[in-house]
Amino acid sequence: MNTDLVLIAVIAINAIVSYKGFNDEVFKRKYLFHIGSIRAGQQYRMFTSAFLHADMMHLVFNMITLFFFAPVVISVLGEVGFLMVYFISLFAGNLLTLYFHKNEYHYSALGASGAVVGVLFSSILLYPDMTINFFIPGYIYGIFYLLFSIYGMKSKRDNIGHTAHFGGAIGGYAITLARVPEILEYNTMVVILLALPIVILFVMAKMGKL
């Protein structure tokens, strides 16, 4: 299987489905993530919503991020490993969103952000010293990203799916450790540091602080 073709196929599917949604509101509403509809039995939305985007900027930002970080994951985990990270992160993002918003029947969301963030965090675990935004070490960026996501989940001051991002990060983190367990030996501190915001999230949830 050609690596470039795998990545291009994922990007192409996102682009085609999103473009359909841009021009067909009925289509978009039928397949986006919607708590009430999912709890009524339309579980397919847990998958289809990740291929829809709110607008062109949303789509382009996600696909550019994927384009730059997916090759890092593919170089170590291979095509199948990359697809595992992508789809497990996709579901992890939507599952965490469902968990935290299960009683908000009106809540809706869309986008590949959970899957893309999972790929980003997978690449950070594989290469923690890689720089992001030209100078920030990957693992430092990852820690602050998760802490900011917790803040966003708590404050609810914007329209960003922070919960899906966080769930996607957990998915990417977990599947990468499962596929490359030796990371626990040669990057133990990075693994622990990235786990701390995850622990903080669930402690805050248990205490009713979110």
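The present account deals with the structure reproduced in this document. Just so you know, the residues in each chain are numbered from 1, in the order the chain's sequence is written. Side-chain atom pairs in this predicted model are given and counted only at pLDDT of 80 or more, local residue features only at pLDDT of at least 70, and totals for whole chains, interfaces and linings cover all residues. With hydrogens and water set aside, each side-chain value is computed from the structure's full complement of heavy atoms.

## Topic: helix α5 (residues 56-101)
Here is step 1 of the chain: Only DSSP runs of H or I with at least four residues qualify as helices, and only runs of E with at least two residues qualify as strands; both kinds are numbered from the N terminus onward. A helix is expected to reach a length of 1.5 Å times the quantity of its residues less one. Across its 46 residues, α5 extends only 26 Å between first and last C-alpha, which sits more than 12% below the 68 Å expected from 1.5 Å per residue.
Here is step 2 of the chain: The definition of a polar contact used here is a pair of N or O atoms within 3.5 Å, where within protein one atom must be able to donate a hydrogen and the other to accept one, and adjacent residues in sequence count solely through side-chain atom pairs. Of the residues that open α5, the one with a side-chain oxygen 3.3 Å from the backbone nitrogen of Met-57 is Asp-55.

## As for the packing of α5 against helix α8 (residues 162-179)
Here is step 1 of the chain: Here the axes come from fitting lines to C-alpha atoms, over the contacting stretch only for helices, and the angles between their N-to-C directions go from 0 to 180 degrees. As a packed pair, α5 and α8 sit with axes 7 Å apart at the nearest point and diverge in direction by 140 degrees. The angle between α5 and α8 falls in the class oblique. Like other packed secondary-structure pairs, α5 and α8 cross with a definite hand, here right-handed. Counting all contacts with α5, which are made through Leu-77, Gly-81, Met-84, Val-85, Ile-88, Ser-89, Ala-92, Gly-93, Leu-96, Thr-97, Phe-100 and His-101, the residues of α8 involved are Thr-163, Ala-164, Phe-166, Gly-167, Gly-168, Ile-170, Gly-171, Gly-172, Ile-175, Thr-176 and Arg-179.
Here is step 2 of the chain: We call Asp, Glu, Lys and Arg charged. Ala, Val, Leu, Ile, Met, Phe, Trp, Tyr, Cys and Pro are nonpolar, and the rest, Gly among them, are polar. Here the residues of the contact of α5 with α8 sort into 11 nonpolar, 11 polar and 1 charged. Roughly parallel refers to an angle under 35 degrees, roughly antiparallel to one over 145, roughly perpendicular to one between 65 and 115, and oblique to any angle outside these ranges. Note on convention: the crossing is left-handed when the near helix lies turned anticlockwise from the far helix by less than a right angle, right-handed when the turn is clockwise. Throughout, a residue-residue contact means that at least one pair of heavy atoms, one from each residue, lies within 4.5 Å.

## Quick look at the packing of aromatic side chains
When we look at a pair of aromatic rings, we describe it by the centre distance and by the angle of the planes.
Here is step 1 of the chain: In this scheme Phe, Tyr and Trp rings, the latter by its six-membered ring, pair at centre separations within 6.5 Å, and the angle between planes marks the pair as stacked below 30 degrees, edge-to-face above 60, and tilted otherwise. Applying the stated criterion across every chain yields a total of 14 aromatic pairs.
Here is step 2 of the chain: Ring centres of Tyr-31 and Tyr-44 lie 5.8 Å apart, and the angle between their planes is 65 degrees; this geometry places the pair in the edge-to-face category. Here Tyr-44 lies in the loop between α3 (35-39) and α4 (45-48) and Tyr-31 lies in helix α2 (residues 25-31), a separation of 13 residues in the sequence.
Here is step 3 of the chain: Where Phe-47 meets Phe-51, the ring centres are 5.1 Å apart and the plane angle is 55 degrees; that geometry is what we call tilted.

## Brief notes about the nonpolar core
Across soluble globular proteins, nonpolar side chains have a tendency to be buried as a group.
Here is step 1 of the chain: What we call a nonpolar core is a set of buried Ala, Val, Leu, Ile, Met, Phe, Trp, Tyr and Cys residues that are connected through their side-chain atoms within 4.5 Å. Burial classes: relative accessible area under 20% of the type maximum marks a residue as buried, over 50% as exposed, and values in between as partly exposed (1.4 Å probe, protein chains only). Counting residues in hydrophobic clusters, the biggest one holds 48 residues, and the most contacted among them are Leu-66, Phe-82, Tyr-86, Val-119, Phe-121, Phe-166 and Leu-194.
Here is step 2 of the chain: Listing elements by their share of this core, those giving two or more residues are α1 (3-23), α5, α6 (113-126), α7 (138-155), α8 and α10 (188-206).
Here is step 3 of the chain: With 13 residues, the top contributor of residues to this core is α5.
Here is step 4 of the chain: Not counting residues within four places of it along the chain, the set of residues in contact with Val-119 comprises Leu-66, Phe-69, Ala-70, Val-73, Phe-82, Val-85 and Tyr-86.
Here is step 5 of the chain: Residues Phe-33, Ile-38, Met-46 and Tyr-107 belong to the second largest nonpolar core, which totals 5 residues.

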